[in-house]
Every structure is written in C-alpha cells, then in structure tokens.
Amino acid sequence: METNKQLIDSFKKVCLCRSIKAGTITAAIQEGSLTFEALRKNIGVGTGNCKAKRCRAKIEERIKDHKASVAAESETGTPPCG
Ligand code: FES
C-alpha cells in the first residue's frame, strides 16, 4: 500500500501560497534540486505571500528524507533509481 500512500501524498499541496504539490517538489528534488534555495529558483516554492513561513520546514524535511534514502540505498548497494 506504500504506492497508494505515495500517490495520495503527491497530490497534497505543500506550498499553499503557490499551490505547489508534493509530487512537483519530489520530482524537482530527484532531478537534483537538493536545497530549499534551488527549489525556490526552479519551481517557485516559498515565493508566495507568507514568504515560506508555512512551507519551508516541510520542504526541508522532504529534502532531508530524500538524502537519507539515497544514503541508505548506497549503503545496501542498491542502485538509486532515476
Ligand atoms: S506556503 Fe509556500 S510561500 Fe507560503
């Protein structure tokens, strides 16, 4: 059921001001935007009225999770999927 959970999660809006969904953010992270600033430049997160007060922590958490899962994959020898 992990896939369904991921699918539902991908439709959640993370940056509410700009209506940017988790799926968009995840895709950008996987394409190499590994800092909040890079995501801001590439997809515009954090550029809304609240100036990232509501979304920054959630986005940084996602970047951290991504880095942790890549590190775990390299430790187990499983090639990272692209
Ligand atoms: S929620 Fe992202 S800029 Fe306001």
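Every value quoted in this text rests on a predicted model; they were computed, and no experiment measured them. (Residues numbered from 1 in each chain as written. Predicted model: local features only at pLDDT ≥ 70, side-chain atom pairs only at ≥ 80, totals over all residues.)

### Regarding the packing of helix 2 (residues 22–30) against helix 4 (residues 56–76)
Piece 1. At their nearest, the axes of helix 2 and helix 4 sit 11 Å apart, and the two run at 45° to each other. Accordingly, the angle class assigned to the pair helix 2 and helix 4 is oblique. In the crossing of helix 2 with helix 4, the sense of the turn from one axis to the other is right-handed. From helix 2, Ile25, Thr26 and Ile29 reach across to helix 4, where they touch Ile59, Arg62, Ile63 and His66.
Piece 2. Residue composition of the contact of helix 2 with helix 4, by class: four nonpolar, two polar and one charged. (Axes fitted to C-alpha atoms, helices over the stretch in contact; angles between N-to-C directions. Helix = DSSP H or I, 4+ residues; strand = E, 2+ residues; numbered from the N terminus. Parallel < 35°, antiparallel > 145°, perpendicular 65-115°, else oblique. Left-handed = near helix turned anticlockwise from the far one by under 90°. Contact = placed C-beta atoms within 7 Å. Nonpolar A, V, L, I, M, F, W, Y, C, P; charged D, E, K, R; others polar.)

### Notes on helix 2
Piece 1. By the burial criterion, the buried members of helix 2 are Thr24, Ile25, Ala28 and Ile29. Considered in projection along helix 2, the buried side chains sweep an arc of 135° and stay on one side of the axis.
Piece 2. Buried positions along helix 2 lie against strand 1 (13–15), strand 2 (20–21), helix 3 (36–43) and helix 4. (Buried ≥ 20, exposed ≤ 12 C-beta atoms within 10 Å, placed from the backbone. Arc of directions from axis to C-beta.)

### Topic: the environment of Leu39
Piece 1. Among the secondary structure elements, Leu39 is positioned in helix 3.
Piece 2. Looking at Leu39, the number of C-beta atoms within 10 Å reads 25, which means it is buried.
Piece 3. It is 23 Å that separates the C-alpha atoms of Leu39 and Glu73, two residues lying 34 residues apart in sequence.
Piece 4. Contacts of Leu39, omitting those with residues within four sequence positions, involve Ile25, Ala28, Ser33, Val45 and Ile59.

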